[in-house]
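A structural walkthrough
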Amino acid sequence: MEHRIVIVGAGPAALATVAMLAHRSPDALADTTVIDPTGTWLARWRHQLAAQEVDHLRSPVVHHPHPEPYELLRFARDRHDELVRSAGVELPAVGLFDDFCTSLIEQCGVERMVEPTGVVAVDVGVPRGARLTLDTGEQRAAEHVVLCTNPRRAVLPAWSRGGHERRHVDASPEVHRRRSERRLATAGPLDDDPRVRHATTIDLRTDPVPARVVVVGGGLTAAQLALAALRRGALTTLVTRRPLVRRSFDVEPGWIGPRQLRAFEQICDPVERHRRVLEARGGGSVPDRIAGAVVEAATDGLELAEDEGPESVEAAGDRLLVCLRSGRIIETDELWCATGTVPAGTGDPLLGGLAAQHPIPVVGGLPELARDLRWGQTAVHLVGSPTALSLGPAAGILHGQRRGAHQVVESICG
Ligand SMILES: Cc1cc2nc3c(=O)[nH]c(=O)nc-3n(C[C@H](O)[C@H](O)[C@H](O)COP(=O)(O)OP(=O)(O)OC[C@H]3O[C@@H](n4cnc5c(N)ncnc54)[C@H](O)[C@@H]3O)c2cc1C
């Protein structure tokens, strides 16, 4: 084998795995390589936070890729002004968290470890290990492969592509008439209309913000994008399908410890475990700090169309017409859909390839992994969001990544 361990991806989940190796088995780390097309650590993570102008993490200061939970707090001892207090815990500023990760990368001596290439296939049909095909066509053999690729896909609701979510049965005849008139005058196909954008494609640092923006979504990303558009002087409407749900964290703290997890781990049926994961994540929510800013902005120019769920959007020349459940129609220049992401499941080339060679149950895009987060009996382990059927709803956030890294490193290194 050319490598003992190959880690695919160089995001926070990969860094948690490398840091765990450095902590528990430096010899194994010496025989490890990391592959990511960006050629750098945390590129996607940094891009997402900067593109959405996130100032503080949503997760507490004890969640990060270092194996020791209090290490970031220690690192911050002279930078306490970069922690904000929320819901009884401290949240690190993005810059502080970033400096901490840079220092962790240096401590582990892995600054130059990331190879700038992508993995296009994983062959598990080889004895005692796996063979990776890189996008250069080159092949690599490894005793263990750890996939930290966070395979998810953006969700654009059908109505945002010109389809209709459901018929608007309650609208008054007058509303129907107005809508029909507008449609006749304006209806145009929306497929691939660049004015309908998913949040993951928006970069507030570089993209010009038009005069009018409708942001759709009830989560933190929607709120942050709406506030950012307003700050740039856009006439901004935030449309949500249900009243804004206030919640401090992505996942309730009970899921971070044994309180919820013990019962979750006793469930044998993966379909039921998937249901619990969905229930626990419970759709978009906004922490108090940001919900407060939205309410304040609503008195200062932000239009908040709460519980108005958009039903359709149509092109009308240089405008878009967004039709709400109430029958109201909003004219806008762009529609930003902060409508989330879902597991890519076997639609992801690497997971799809594994499923074809070595089938295991996959529910809602999440594979049912072995106890050590291994794909069946192969040499491939997973860390991060696809491990939710094993680790619960916090699998994809920093805390779950560290737990996953711990389990995988224990399994590989003993
Ligand atoms: C805006 C935003 C804010 C968030 N804030 C928080 C927070 O405050 N707290 C928290 O706990 N969580 C947060 N999260 C959730 C989660 O922690 C992040 O999504 C995090 O980036 C996931 O880390 P990861 O390493 O699993 O994946 P990623 O950061 O997505 O990294 C995956 C890496 O894999 C690489 N890759 C993909 N495919 C291949 C391939 N075939 N070959 C080689 N490399 C590949 C990619 O280039 C990428 O660099 C946030 C997420 C977002 C989007």
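Placed above this text is the structure.
The structure contained in this document is the topic of the report that follows. What you see is a predicted model, and the numbers here were worked out from it, not measured in a lab.

1. Brief notes about the layout of surface pockets
In this structure, the second largest pocket encloses a volume near 320 Å³. At the level of secondary structure, the elements contributing two or more residues to the lining of the second largest pocket comprise α8 (258-266), α12 (388-391) and α13 (398-413). The greatest single-element share of the lining of the second largest pocket, amounting to three residues, is contributed by α12.

2. Re the sheet that holds strand β14 (residues 310-316)
Strand order in this open sheet of three strands is β14-β15-β16, and the pairing throughout is antiparallel. At either end of the open sheet lies a strand with only one pairing partner, and these are β14 and β16 (329-332). Taken pair by pair, the neighbouring strands of this sheet meet at an average axis angle of 20°, ignoring direction. The pairing of β14 with strand β15 (residues 319-324) spans six bridges and is classified as antiparallel. Counterpart to Ala 315 in the pairing with β15 is Leu 320.

3. Quick look at the pattern of salt bridges
Where charged atoms of side chains with opposite charge meet at close range, the side chains can pair. On inspection of all chains with the given rule, the structure shows 29 salt bridges. Salt-bridge contacts for Arg 275 lead to Glu 272; the nearest nitrogen and oxygen are separated by 2.9 Å. Taken as a pair, Arg 275 and Glu 272 lie in helix α9 (residues 270-281) at a separation of three residues, close to a single helical turn. Of the charged contacts, one joins Arg 275 and Glu 279 as a salt bridge, the two residues approaching to 3.0 Å between their closest N and O atoms. Here the residue Arg 275 and the residue Glu 279 both occupy positions in helix α9, the gap between them amounting to four residues, near one helical turn. Here Glu 279 falls in the exposed class, since its relative accessible area comes to 53%.

4. A few points about the sheet that holds strand β12 (residues 235-239)
Pairing is parallel across the open sheet formed by five strands, whose spatial order is β10-β17-β11-β12-β13. Each edge of the sheet is formed by a strand with only one pairing partner; in this case those strands are β10 (196-198) and β13 (303-305). Averaged over all neighbouring strand pairs, the angle between strand axes comes to 20°, with direction disregarded. In the sheet, strand β11 (residues 212-216) pairs with strand β17 (residues 334-337) via four bridges, with the strands oriented parallel. If you follow Val 215 over to β17, its bridge partner there is Trp 336. On the sheet, helix α7 (residues 220-231) packs against β11, β12 and β17 and is oriented at approximately 165° with respect to β12.

Calculation rules
Residues numbered from 1 in each chain as written. Predicted model: local features only at pLDDT ≥ 70, side-chain atom pairs only at ≥ 80, totals over all residues. Heavy atoms only, no water. 1 Å grid on protein atoms, 1.4 Å probe; cavity = no way out; pocket = protein on both sides within 12 Å on 5 of 7 lines; lining within 4 Å. Points joined across faces, edges and corners; volume = space filled by probe spheres on them. Helix = DSSP H or I, 4+ residues; strand = E, 2+ residues; numbered from the N terminus. Pairing = 2+ DSSP bridges. Axes fitted to C-alpha atoms, helices over the stretch in contact; angles between N-to-C directions. Salt bridge = Lys/Arg side-chain N within 4 Å of Asp/Glu carboxyl O. Buried < 20%, exposed > 50% of the residue type's maximum accessible area, 1.4 Å probe, protein only. Contact = heavy atoms within 4.5 Å.

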